[in-house]
Amino acid sequence: MKKKNYTDSVHFNGRLWCVIALLVFITIPIVISLMHGWPEISTILSGLLTVIIFPITGVIEVVTYSPLLGPGATYLSFITGNIANLKLPCALNAVENAGVNSNSEEGDVIKTIAIASSSIVTTIIIAVCVLAFAFNPAFSKMMTSEELKPAFEQVSLTVFGALAASYFVKHWKISIFPIAACSLILAFVPGLDFGVLIFAGVILSILGAHTMYKLKLV
Amino acid sequence: MFTDFKSSGTMFALALMVVAFIIVQSFFFLKKAYTRGKELGITTEKLKNTITSSALFSVAPALGIAVTVLALATTLGYVLPWIRLTVIGSISYETVAAEAALKAADVTSIDNELVFSAVAWVMTLGSLLPIILVPLLAKKIQKTVSGAVSKNNKWVDVISAAAFIGIIAAFLSSGITGVGSSKEEIVADGSGVLSVTAIVTSIIFMLTFSLINKKYKKNWIDALALPVSMVLAILVVVAICLFAPEIAQIEWRY
């Protein structure tokens, strides 16, 4: 009974926070327009038409990530963004370390704590850095220097390299196929949108694992 | 600084409002989950380790996100990219959305305030769909999944591991065979020596930590393993850039 209470109340609060988030986010262009004038609707629509692929990947993201994240973590992650490269890896790493089942209520609790902590730290670091960039040009010069800039480009790869080490050791049988498949896809379709590649990776990986499960190989 | 309309006092106030909103919301969920965790009998040590480990884990990626603000700042000023990358945003979306809005307004740079408003609208509206869909769909999707869990636990464990491995595979293959959408003149954004070094060294460091922990069996080693492996791998990349810049520039897919 208690489990139902916690999960339901998380969904209720999560929905409420999403509505507040929508209001907060929409306030930004409204205030900017009040200060600087309202743009032509046709300009906005034509701009939106060009980025139509992103709302579509948005739908794919909701379907792909929300079962992995669990209730509390889903609402927080979709509001704060950077899910694939930061929030999801952070949550799953926390679940591994805590030694709880990802699909249990304990897993939900750990993932929510991980993503909340990650959001707080990320928001503060970005704020401090941007203020430092704006008021101290030397700092932005250092962060974009030839030695540091290429390293920042690799941050996501170090996240996934390290995670691969713990995941692949445990699940090596189901890991070979998706890596080979994604590498092949990229070799032949180099300009593929990264969101689409992630989706393809997830689907192929699930199909591969399901087949191996049915064949009793895992 | 405040004389430029893109970085006015009001813009900074808007950004701080968004920052405050995210932090209050995160603390709300943190407190709720922490209390529930205690009720479920998860030890304080585990809960605190989760907070520390996740906070450390986020430092390097957060710095990476902060640097991307700089890429957008030349056109948009500091504040709008800051707001956008604090919520929902991702660098790939924000860059494309800003370019799309500029193109729609038939200009190449933001020299008038109306274009800036248009860019703000496109960047915001184009990213809102997931926040509308999550309240509508998340509960349903998760209920379906937990229904499947109660039926066949082992299958669900395999499939959820597989789903995440699919994401890992997409990222790793982008470092090995590359994403071809990048511009040639930017060093290290495609796949090459640096991307493969990042992957291989982070794997080696992580495996080393897990071997060490097999011997000492300390929870804090587990909690620190991933953030420390990431930082060490990044330091190796920086060292290659510093001491062997000609090797660092080798890329097979720009």
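Residues numbered from 1 in each chain as written. Chains lettered and ligands numbered in written order. Predicted model: local features only at pLDDT ≥ 70, side-chain atom pairs only at ≥ 80, totals over all residues. Heavy atoms only, no water.

Participant: Help me understand the overall build of chain A, please; the structure alone is not making it clear to me.
Facilitator: Helices and strands together make up the secondary structure of chain A, namely eleven helices and zero strands. Projected onto the principal axes, the alpha-carbon positions of chain A cover approximately 65 × 50 × 40 Å. Burial status across chain A gives 56% buried among its 218 residues. A sequence separation of at least 24 residues applies to 56% of the contacts in chain A between residues at least 6 apart. Carbon and sulfur atoms make up 72% of the accessible area of chain A, which totals about 8800 Å². (Helix = DSSP H or I, 4+ residues; strand = E, 2+ residues; numbered from the N terminus. Buried < 20%, exposed > 50% of the residue type's maximum accessible area, 1.4 Å probe, protein only. Contact = heavy atoms within 4.5 Å. Areas by Shrake-Rupley, 256 points an atom, 1.4 Å probe, with all protein chains shown as cover.)

Participant: Honestly, the overall build of chain B in this entry has me stumped. Any pointers?
Facilitator: The helix and strand inventory of chain B stands at ten helices and two strands. When the helices and strands of chain B are placed in sequence order, the string is α-α-α-α-α-α-α-β-α-α-α-β. C-alpha atoms of chain B, sized along the principal axes, occupy 60 × 50 × 35 Å. Counting the 254 residues in chain B, one finds 55% classified as buried. Within chain B, residue pairs in contact and separated by at least 24 positions form 61% of the contacts whose partners lie at least 6 positions apart.

Participant: Even after reading the chapter, I still don't get the nonpolar core, so can you show me in this structure?
Facilitator: Side chains that are nonpolar tend, in soluble globular proteins, to be buried together. Phe25 of chain A together with Val119 and Ile167 of chain B are the most contacted members of the largest nonpolar core, which totals 153 residues. Broken down by element, the residue count for this core peaks at 15 residues, all from helix H6 (residues 105–135) of chain A. Those residues in contact with Phe25 of chain A, other than ones at most four positions away along the chain, are Ile79 of chain A together with Phe21, Val87, Ile88, Thr124, Leu128 and Ile131 of chain B. (Core = buried A, V, L, I, M, F, W, Y, C linked by side-chain atoms within 4.5 Å.)

Participant: How do you make sense of the side chain of Thr197 of chain B when you look at a structure like this?
Facilitator: For Thr197 of chain B, the position within the fold is in helix H8 (residues 193–216). In this view, Thr197 of chain B contacts Ser202, Val236 and Ile240 of chain B; residues no more than four positions away in its chain are not counted.

Participant: Even after reading the chapter, I still don't get a nonpolar patch on the surface, so can you show me in this structure?
Facilitator: Residue and element names in this part refer to chain A. A contiguous nonpolar surface patch, about 310 Å² in accessible area, is contributed by Ile52, Ile53, Ile56 and Val196. Its place among the elements puts Ile52 in the loop between helix H2 (41–50) and helix H3 (53–69). Here Ile52 falls in the partly exposed class, since its relative accessible area comes to 46%. (Patch = residues over 30% accessible without salt bridge, like charges linked within 9 Å, V, L, I, M, F, W, Y side chains within 5 Å. Salt bridge = Lys/Arg side-chain N within 4 Å of Asp/Glu carboxyl O.)

Participant: Would you explain the interface of chain A and chain B in this entry?
Facilitator: Frequently, the measure chosen for interface size is the accessible area that the parts lose on association. Taken together, the contact between chain A and chain B spans 145 residues of the former and 144 residues of the latter. Counting each side, the surface lost to burial between chain A and chain B is near 13000 Å², with a carbon and sulfur contribution of 80%. Together, Trp17, His36 and Leu157 of chain A form the three largest contributors to the area buried by chain A at its contact with chain B, with a combined 5%. At the boundary of chain A and chain B, one finds two salt bridges. In terms of residue count, helix H1 (residues 2–36) of chain A provides more of the side of chain A that touches chain B than any other element does, 27 residues in total. (Buried area = accessible area lost by both parts, 1.4 Å probe.)

Participant: Sorry if this is basic, but what is going on with the pattern of salt bridges here?
Facilitator: Pairing is possible between side chains of opposite charge, provided their charged atoms come close. Summed over the entire model, instances satisfying the criterion amount to six salt bridges over all chains. Note that Asp8 of chain A and Lys139 of chain B form a salt bridge whose closest N and O atoms lie 3.6 Å from each other. Taken together, the residues span two chains, with Asp8 of chain A in helix H1 and Lys139 of chain B in helix H6 (residues 129–151). The closest approach of N and O atoms between Glu105 of chain A and Arg36 of chain B, which form a salt bridge, is 2.7 Å. A residue pair is termed interchain when its members come from two chains, as with Glu105 of chain A in helix H6 and Arg36 of chain B in helix H1 (residues 9–39). You'll find Glu105 of chain A and Arg36 of chain B in the same group, each marked buried. One continuous salt-bridge network, built from bridges that share partners, spans Glu105 of chain A together with Arg36 and Glu39 of chain B.

Participant: Please clarify how helix H11 (residues 194–214) of chain A should be interpreted in this entry.
Facilitator: The periodicity of an α-helix, 3.6 residues per turn, causes residues three or four positions apart to be oriented the same way. Spanning 21 residues, H11 of chain A covers 30 Å between terminal C-alpha atoms, matching the ideal 30 Å at 1.5 Å per step. Looking at the buried residues of H11 of chain A, the elements they touch are H3, helix H5 (83–98) and helix H10 (172–188) of chain A together with helix H7 (153–176) of chain B. The first or second residue beyond H11 of chain A is Lys216 of chain A, which carries a positive phi of 60 degrees. (Expected span 1.5 Å × (residues − 1).)

Participant: How should I be thinking about the confidence of the model for chain A in this particular structure?
Facilitator: Residues shown with low pLDDT carry predicted positions that ought not to be read at fine detail. Of all residues in chain A, 98% have pLDDT values of 70 or greater, and the mean over the chain is 90. Looking across chain A, the model is least confident in helix H8 (residues 149–153) of chain A, with a mean pLDDT of 83, and most confident in H6 of chain A, with 95. (pLDDT = per-residue confidence, 0-100.)

Participant: It is not clear to me how the packing of helix H9 (residues 155–170) of chain A against helix H9 (residues 219–243) of chain B should be interpreted in this structure. Could you clarify?
Facilitator: What describes two packed helices is the angle between their axes and the distance between those same axes. It is at 9 Å that the axes of H9 of chain A and H9 of chain B come closest, and there the two elements cross at 130 degrees. As the angle between them shows, H9 of chain A and H9 of chain B are arranged oblique. For the pair H9 of chain A and H9 of chain B, the sense of crossing is right-handed. For the pair H9 of chain A and H9 of chain B, contact is made by Val155, Thr158, Val159, Ala162 and Leu163 of chain A and by Leu226, Ser229, Met230, Ala233 and Ile234 of chain B, respectively. Of the residues assigned to the contact of H9 of chain A with H9 of chain B, the class counts are eight nonpolar, two polar and no charged. (Axes fitted to C-alpha atoms, helices over the stretch in contact; angles between N-to-C directions. Parallel < 35°, antiparallel > 145°, perpendicular 65-115°, else oblique. Left-handed = near helix turned anticlockwise from the far one by under 90°. Nonpolar A, V, L, I, M, F, W, Y, C, P; charged D, E, K, R; others polar.)

Participant: Help me understand the packing of H9 of chain A against H8 of chain B, please; the structure alone is not making it clear to me.
Facilitator: Direction vectors running N to C along H9 of chain A and H8 of chain B enclose 45 degrees, while the axes themselves pass 7 Å from each other. Here H8 of chain B runs oblique to H9 of chain A, going by the angle between their axes. Considering only the axes of H9 of chain A and H8 of chain B, their crossing is right-handed. Packed against H9 of chain A, whose contacting residues are Leu157, Thr158, Gly161, Ala162, Ala165, Ser166 and Val169 of chain A, the element H8 of chain B presents Ser195, Ala198, Ile199, Ser202, Ile203, Met206 and Leu207 of chain B at the interface. Its residues assigned to classes, the contact of H9 of chain A with H8 of chain B comprises nine nonpolar, five polar and no charged.

Participant: Before we go on, may I ask you to explain the packing of aromatic side chains in this structure?
Facilitator: For any pair of aromatic rings, geometry is given as the distance between the ring centres together with the angle between the planes. Under the defined criterion, the tally for this structure stands at 13 aromatic pairs over all chains. Geometrically, the ring pair formed by Phe133 of chain A and Phe139 of chain A is stacked, given 5.4 Å between the ring centres and 25 degrees between the ring planes. Owing to a relative accessible area of 1%, Phe133 of chain A belongs among the buried residues under this scheme. Classification of Phe139 of chain A as partly exposed rests on a relative accessible area of 22%. Pairing Phe28 of chain B with Phe29 of chain B gives two aromatic rings, centres 5.4 Å apart and planes at 90 degrees, and the pair type is edge-to-face. (Phe/Tyr/Trp six-rings, centres within 6.5 Å; stacked < 30°, edge-to-face > 60°.)

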